Amino acid sequence: MRVETCRWTPGTGWRTERSSGARRADLVIYFGSHQALRCGARFAELQAAWPGARLIGGSATATILGGDLDEQSVVAVAVSFAQTRTAVAQWDCVTHADSRACGAAVGRRLAAPDLAGVFVLADGRSVNGNSLTAGLNDVLAGACPVTGGMTSSPSDQPTALAGAGAPPAPGVVAAVGFYGSAIRLSSGRACGWDSFGPRRRITRATGNVLFELDDKPAAELYERYLGDEIEEDSAAGVIFPLLMSPPDQPEHAMVRAVLTMDRDSGAMTFAHDVPAGWMARLMRGNVDRLAMAAADAARQVRDGLPDRIAGDRLSLMVSCAGRFRLMGQRTVDEIAYARGELGPDAACLGFYAFGEIAPAGGSGLAELHNQTMTVAGLAETEC
Amino acid sequence: MLNPVHRLLAHQLSRATRTDGEIDLPGLLAMVDLAYAEADRDRQRTDRAALVMCEEMEQLNADLHKMAHHDALTGLPNRAYFCEVLMRQLALAQRDGSPIAVFCIDFDRFKNVNDTLGHQAGDLLLRQAADRMRAAVRSCDTIGRIGGDEFLLLQTAVSQPQLAAQLAERLLERLAEPFDLDGHQAFIGASIGIALSPLDGSQVDELIKHADIALYRAKTSGRRQFCFFKHGMGVRLRERRTMEQAIAHAIADKAFSLAFQPVFGGDHYRDVAGFEALLRWPHPGQAATPPDQFIPIAEETGLILPLGTWVLESACREAVSWPAPWRIAVNVSPRQLGSSDFATQVADILRRTGLAPERLEIEITETVLIQDADVATQVLRRLKQLGVRLALDDFGTGYSSLSYLQRFPFDKVKIDKSFVQSLTDNASARAIVGAILAMCRQLGLEVTAEGIETGDQLAQLHSQACDQIQGYLLGRPIAWQELGDFVARQVAGRVAALEPG
């Protein structure tokens, strides 16, 4: 497997950052700012550069290439495989309501006896990520690792973009499947947030909208914790994610990020579903601990790949837009820590998402996370 | 590996380096400023979160303390906290000699609200009642809820018992007003027992116990009353509770039995018309407990319900073997008739025993009709639909409201024995009996006279054409063990020797 990476910036256009020497590519994965991708020109340029390759990518509030973080550019990796086959699937006009059916349809499209892994991207504003992963699990049932994320966009955009084999567009679920016995796909995830304060019960919630914790308006609680910051930004709640778990299964904890708060109605919208009856605790991020968690995720990937591989290794990082928001300029720390574990020779590409998809520890079923750094490692083995 | 600060600077430097290799110094400095601002904000967030969490934990502690000391439904102090307050007040009272009163308050018909309107309505009622009581007392008095519909009240500075009586009257008045439970009106009323300190005790448990005894007395002497504790009440209460327990055990042990008193009719009252079932509580080797000692207590405690069912079923089972058209009359208490499924229960018993409905006669007294005429009407109509006969017992002793005879579907009236016993020497009694008989004839009702003990009484009733008679003169109650012989003799046409009473 050979990889070549390149970056497009508004001032300078495309520039190769890492060359593989390969003259062709089977697969191109790209992430970029909503503004740079929405016209379709970047897609056309990438397709022209690697005419035979399948393209999959989407919009992001920030991208990762190597050790760099950027909010304006488009980053891409072109992969040529020695033995591995790939297939892409795209589903258009997906809504919250049909997300599960779409997940199942994508799963059916990609399913094959030698399917070794799936990387999936979906419009993080239009598609219900919980339902999408449930649909994928309905068909694939944890038989192979599924990784990926919900594409993101700035707050003034009502949708986010994704595409596979076509220019990135809103409302799309895009996926690529890897086939054959040579390909290895490993994954890792860690969040690094610390839960604190009393355990609370989610007493009123509908879908991803939370109204009450312990029979008291949730927004009031967040207002107390946020102080003046809430005056400046209705999405300030993102700095206090919620750790939630079924009442009798504290080990199945998941993190949920705050998207918006409506102080008049007391409603808080989360990135994904917040089931009533579950237990919840507030979480607080310490920049150092968040960054260190990225190293944990990268270590899991490194340990999951075989020692003897043929050619290059590729690491796809999908981290949460909420982490970026909290860590600010120090977000580069988490990329640096992760790269430190992956090694200088690993090609790294990634983006900041509205939801991260990674397999669950025990069952291998796809799970949707928030406020988490997930890393997927790709490599081909020597035969 | 670079440390975080160096790494951040390197990143900023790379971003501030233009494509020509020159560094954009103002841009770099702006980025450094931003990094400091971000670090400051992060610290502030951490500090604020720690502060708010501490406040939350303090609040949680305060809530836990309140939960441990207060009743969650009404917000009133619970038993433990009430006792704590009472103990403090008793200590103060002992020091400055100021008397205090402890009230034990219990609602009279709270269970009905819970049963008919549900627990939510019951909870709403308790909250409203708590608010009314709070409004009726001074701020220095303490009300506590000790469970269910029981409340305790501590009144301080009770210089004379009259002050406690006034407060009790005020509370009874407020609690007797209707409660609006989400559109349903409920009337409950309460009973109150009062113990005074130092007169009735100076210890917490002692005072509460004495107030509770007084409450029991208030309840048994008619509801919606208050009663002060008096020494000696406790002994009677204990006796009463012993009786309650004994009744419950006797029901479980099947220690009750039935006796059957014959009712005669026909020409010169020679024919047996049926029997009245009478409840007996025998004790081997000892005197039986008289019914007037245990039936009122069974009625009050609700034990009459299982006991009444047993009587009804046993009587029907016995009667089914008698020759038709002999009937069995069974007395039914207000509590039984007040239960809306009583008619269903009767129907089930008739089906199980195979007794024809027209051979069962349910005897009720006027008291039943006075207590809850609406329910009684419904139940009596359903019984009538089953084909069961209805008799109004002890007629003439209570209100003797003639309208009952019109409103309710009775088949028979039983003239109380007090009139029968005065028949021969009291002209008024004769006139009353005559009037009852005339009226019943007009209304088409059968009449049975009870308590016939002499031949003169028998002759009088015969001359006034009374339909049936019952009394020691013609037949004493017969124990069920001997009933078989009696019935056999009757069937064989050998009329039993009539022993004068």
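Below you will find a few notes about this structure.

## Let's talk about the overall build of chain B
Stage number 1. Scanning chain B for helices and strands turns up 19 helices and 17 strands.
Stage number 2. Per-residue burial over chain B gives 46% buried out of 501 residues.
Stage number 3. Taking the intrachain contacts of chain B between residues at least 6 apart in sequence as the baseline, contacts between residues at least 24 apart amount to 66%.
Stage number 4. On chain B, roughly 25500 Å² of surface is accessible, and the fraction owed to carbon and sulfur atoms is 53%.

## Remarks on the overall build of chain A
Stage number 1. Scanning chain A for helices and strands turns up 9 helices and 27 strands.
Stage number 2. Across the 383 residues in chain A, those meeting the buried criterion constitute 61%.
Stage number 3. When the accessible surface of chain A is split by element, carbon and sulfur atoms take 47% of a total near 13800 Å².

## What about the interface of chain B and chain A?
Stage number 1. Facing 23 residues of chain B, the contacting portion of chain A comprises 27 residues.
Stage number 2. In this assembly, chain B packs against chain A so that about 2300 Å² is buried in total across both faces, 52% of it on carbon and sulfur atoms.
Stage number 3. Looking at the side of chain B facing chain A, the largest losses of area belong to Arg7(B), Arg45(B) and Glu56(B), adding up to 27% of the total buried there.
Stage number 4. The interface formed by chain B and chain A holds 4 salt bridges in total.
Stage number 5. The salt bridge involving Arg200(A) is made with Glu56(B); its shortest N-O contact spans 2.5 Å.
Stage number 6. Across the contact surface, chain B and chain A share 10 residue pairs in polar contact (both at pLDDT 80 or more).
Stage number 7. When contributions to the side of chain B that touches chain A are tallied by element, the ones reaching two or more residues are α1 (4-16) and α2 (25-69) of chain B.
Stage number 8. The element that contributes the greatest number of residues to the side of chain B that touches chain A is α2(B), accounting for 16 residues.
Stage number 9. Looking at the side of chain B that touches chain A, its residues break down into 11 nonpolar, 4 polar and 8 charged.

## What about the pairing of strand β9 (residues 115-123) of chain A?
Looking along a regular strand, one sees side chains alternate from face to face of the sheet.
Residues and elements named next belong to chain A.
Stage number 1. Within β9, 8 of the 9 residues are buried, which leaves it mostly tucked inside the rest of the structure.
Stage number 2. Bridge count for β9 against strand β13 (residues 173-179) is 7 bridges, and the pairing is antiparallel. Paired with phenylalanine 119 across the bridge in β13 is valine 176.
Stage number 3. In this sheet, strand β10 (residues 146-151) lies alongside β9 in parallel orientation, the contact comprising 6 bridges. The partner of valine 118 across the bridge, within β10, is valine 146.

## What about the nonpolar core?
Proteins that are soluble and globular tend to have nonpolar side chains buried together.
Stage number 1. Ranked by internal contacts, the top residues of the largest apolar core, which has 77 residues, are Phe275(B), Ile328(B), Leu337(B), Leu360(B) and Leu461(B).
Stage number 2. Broken down by element, this core gets its largest block of residues, 7 residues, from helix α10 (residues 304-319) of chain B.
Stage number 3. Membership of the second largest hydrophobic core comes to 36 residues, among which are Ala205(A), Leu226(A), Met261(A) and Val274(A).

## Here we look at the sheet that holds strand β12 (residues 169-170) of chain A
All names here are of chain A.
Stage number 1. Sheet architecture is open: 7 strands sit in the order β2-β1-β7-β3-β4-β11-β12, paired in mixed fashion. Strands at the two margins of the open sheet, each flanked by one partner only, are β2 (13-18) and β12.
Stage number 2. Bridge analysis of strand β3 (residues 27-32) against strand β7 (residues 74-80) gives 6 bridges, and the strand direction is antiparallel. Note that in β7 the partner of glycine 32 across the bridge is valine 74.

## Describing the packing of helix α5 (residues 119-136) of chain B against helix α6 (residues 161-176) of chain B
Pairs of packed helices are described in terms of their axes, by the angle between the two and the distance that separates them.
All names here are of chain B.
Stage number 1. In the contact formed by α5 and α6, the axes pass within 10 Å of each other and the chain directions differ by 145°. As α5 packs across α6, the resulting crossing turns out to be right-handed. From α5, Ala129, Arg132, Met133, Ala135 and Ala136 reach across to α6, where they touch Leu167, Arg170, Leu171, Arg174 and Leu175.

## Side note on a nonpolar patch on the surface
All names here are of chain B.
Stage number 1. A cluster of nonpolar residues, Leu13, Ile23, Leu25 and Leu29, forms a patch on the protein surface that exposes about 350 Å² of accessible area.
Stage number 2. Position of leucine 13 relative to the elements: it lies in helix α1.
Stage number 3. Judged by its relative accessible area of 37%, leucine 13 is partly exposed.

## Points about unusual backbone geometry
Stage number 1. Cis geometry is found at the peptide bond from Ser197(B) to Pro198(B), where omega equals 10°.
Stage number 2. On the secondary structure map, Pro198(B) appears in the loop between β6 (190-197) and α7 (204-220).
Stage number 3. Here Ala324(B) and Pro325(B) are connected by a cis peptide whose omega angle stands at 5°.
Stage number 4. Positive phi is not limited to glycine here, since Asp214(A) has a value of about 50°.
Stage number 5. Within the secondary structure, Asp214(A) is located in the loop between β16 (209-213) and β17 (216-217).

## Concerning the side chain of Ser152(A)
Stage number 1. As for its placement among the helices and strands, Ser152(A) is situated in the loop between β10 and β11 (161-164).
Stage number 2. There is a polar contact of 2.9 Å between the side chain of Ser152(A) and the backbone nitrogen of Thr61(A).

## Side note on the sheet that holds strand β23 (residues 314-320) of chain A
All names here are of chain A.
Stage number 1. The 6 strands are arranged β6-β5-β24-β23-β27-β14 in an open sheet whose pairing can be described as mixed. The sheet is open, and its two edges are formed by β6 (68-70) and β14 (183-190), each paired on a single side. Across the sheet, the mean angle from the axis of one strand to that of its neighbour is 15°, orientation sign disregarded.
Stage number 2. When strand β5 (residues 63-65) meets strand β24 (residues 347-353), the two strands line up antiparallel, connected through 3 bridges. Bridging from a neighbouring strand, leucine 65 pairs with leucine 349 of β24.
Stage number 3. The sheet contacts of helix α7 (residues 287-304) involve β14 and β27 (373-380), and relative to β14 the element is tilted by about 155°.
Stage number 4. Against the sheet, helix α9 (residues 331-342) makes contact with β5, β6, β23, β24 and β27, and its axis sits at roughly 150° relative to β23, the strand it touches most.

## Side note on the pattern of salt bridges
Stage number 1. Summed over the entire model, instances satisfying the criterion amount to 44 salt bridges over all chains.
Stage number 2. The partner of Arg263(A) in a salt bridge is Glu223(A), and the shortest N-O contact between them spans 3.5 Å. Of the two residues, Arg263(A) is situated in the loop between β20 (258-262) and β21 (267-270) and Glu223(A) in helix α5 (residues 218-226); the sequence distance between them amounts to 40 residues.
Stage number 3. Of the residues examined, Arg263(A) reaches a relative accessible area of 38% and is grouped as partly exposed.
Stage number 4. We note a salt bridge from Asp108(B) to Lys219(B), for which the minimum N-O separation is 3.2 Å. Residue Asp108(B) is located in the loop between β1 (100-107) and α4 (110-117), and its partner Lys219(B) is located in helix α7; the two are separated by 111 residues in the primary sequence.
Stage number 5. Taking the relative accessible area as the measure of exposure, Asp108(B) reaches 12% and is therefore buried.
Stage number 6. When salt bridges with common partners are traced through the structure, they connect Asp296(A), Arg299(A), Arg302(A), Asp303(A) and Glu341(A) into a single cluster.

## Comments concerning the pairing of β16(A)
Residue and element names in this part refer to chain A.
Stage number 1. Pairing analysis gives 4 bridges linking strand β15 (residues 194-206) to β16, with the strands arranged antiparallel. For threonine 206, the partnering residue across the bridge sits in β16 and is valine 209.
Stage number 2. Hairpin connection from β15 to β16: 2 residues lie between these consecutive antiparallel strands, with glycine 207 at a positive phi of about 60°.
Stage number 3. In this sheet, β17 lies alongside β16 in antiparallel orientation, the contact comprising 2 bridges. Residue pairing in the sheet places glutamate 212 in a bridge with proline 217 of β17.
Stage number 4. Two successive antiparallel strands, β16 and β17, enclose a turn made up of 2 residues, where aspartate 214 displays a positive phi of approximately 50°.

## Remarks on the packing of α9(A) against α1(B)
Stage number 1. In the contact formed by α9(A) and α1(B), the axes pass within 10 Å of each other and the chain directions differ by 110°. As far as their axial angle goes, α1(B) and α9(A) are roughly perpendicular. Counting all contacts with α9(A), which are made through Val332(A), Asp333(A), Ala336(A) and Tyr337(A), the residues of α1(B) involved are Pro4(B), Arg7(B), Leu8(B) and His11(B).
Stage number 2. Broken down by class, the residue content of the contact of α9(A) with α1(B) amounts to 5 nonpolar, 1 polar and 2 charged.

## Considering the packing of aromatic side chains
The geometry of an aromatic ring pair comes down to the distance between the two centres and the angle between the two planes.
Stage number 1. Inspection of every chain in the model, using the stated rule, returns 17 aromatic pairs over all chains.
Stage number 2. Each residue in the set Phe260(B), Phe275(B), Trp322(B), Trp326(B) and Phe486(B) is aromatic and connected to the rest through ring pairs, giving one cluster.
Stage number 3. The ring of Phe211(A) is capped by Arg204(A), whose NZ or CZ atom sits 4.4 Å from the centre of that ring.
Stage number 4. Over the face of the ring belonging to Phe179(B) we find Arg132(B), whose NZ or CZ atom lies 3.6 Å from the ring centre.

The rules behind these values
The numbers attached to residues start from 1 for each chain and follow its sequence in the written order. Chain letters and ligand numbers both follow the written order, the letters beginning at A and the numbers at 1. Selection of residues for local features in this predicted model requires a pLDDT of at least 70, selection of side-chain atom pairs for listing and counting requires 80 or more, and totals for whole chains, interfaces and linings are taken over all residues. As a rule here, side-chain values come from all non-hydrogen atoms in the structure, and water together with hydrogens is ignored. The way it works is that DSSP assigns letters per residue, a run of H or I at least four long becomes a helix, a run of E at least two long becomes a strand, and they are numbered from the N terminus. Per-residue accessibility, obtained with a 1.4 Å probe over protein chains only, is compared with the maximum for each type, and a residue is labelled buried under 20%, exposed over 50%, and partly exposed between these values. Whether two residues touch is decided by their heavy atoms; if any such pair falls within 4.5 Å, the residues are in contact. Every accessible area reported is derived by Shrake-Rupley at a probe size of 1.4 Å, with residue values counting cover from the shown protein chains alone. Summed over both partners, the accessible area lost on bringing two parts together, with a 1.4 Å probe, is the buried area. Between Lys or Arg on one side and Asp or Glu on the other, a salt bridge is scored when a side-chain nitrogen of the former is within 4 Å of a carboxyl oxygen of the latter. We define a polar contact as two N or O atoms separated by no more than 3.5 Å, with the added condition that, inside protein, one atom must be a possible hydrogen donor and the other a possible acceptor, whereas residues neighbouring each other in sequence contribute only through side-chain atom pairs. Each residue is assigned to one class: nonpolar for Ala, Val, Leu, Ile, Met, Phe, Trp, Tyr, Cys and Pro, charged for Asp, Glu, Lys and Arg, and polar for all the others, Gly among them. For two strands to count as paired, DSSP must find a minimum of two bridges between them. Within this scheme, the nonpolar core is defined by two criteria: the residues are buried Ala, Val, Leu, Ile, Met, Phe, Trp, Tyr or Cys, and they are joined through side-chain atoms within 4.5 Å. Every axis in this analysis is a line fitted to C-alpha atoms, fitted for helices over the stretch in contact. Angles between the N-to-C directions lie between 0 and 180 degrees. Left-handed describes a crossing in which the near helix is turned anticlockwise from the far one by less than a right angle; the clockwise case is right-handed. Patch rule: a residue counts if its relative accessible area is over 30% and it has no salt bridge; like charges are joined within 9 Å, and nonpolar side chains (Val, Leu, Ile, Met, Phe, Trp, Tyr) within 5 Å. Any angle that falls under 35 degrees is termed roughly parallel, while one over 145 is termed roughly antiparallel, one within 65 to 115 roughly perpendicular, and all others oblique. Between the rings of Phe, Tyr and Trp (Trp by its six-membered ring), a pair exists once the centres lie within 6.5 Å; its type follows the angle of the planes, with under 30 degrees stacked, over 60 edge-to-face, and the other angles tilted. We call a charge positioned above a ring when the Lys NZ or Arg CZ atom is no farther than 6 Å from the ring centre and deviates by at most 35 degrees from the ring normal.

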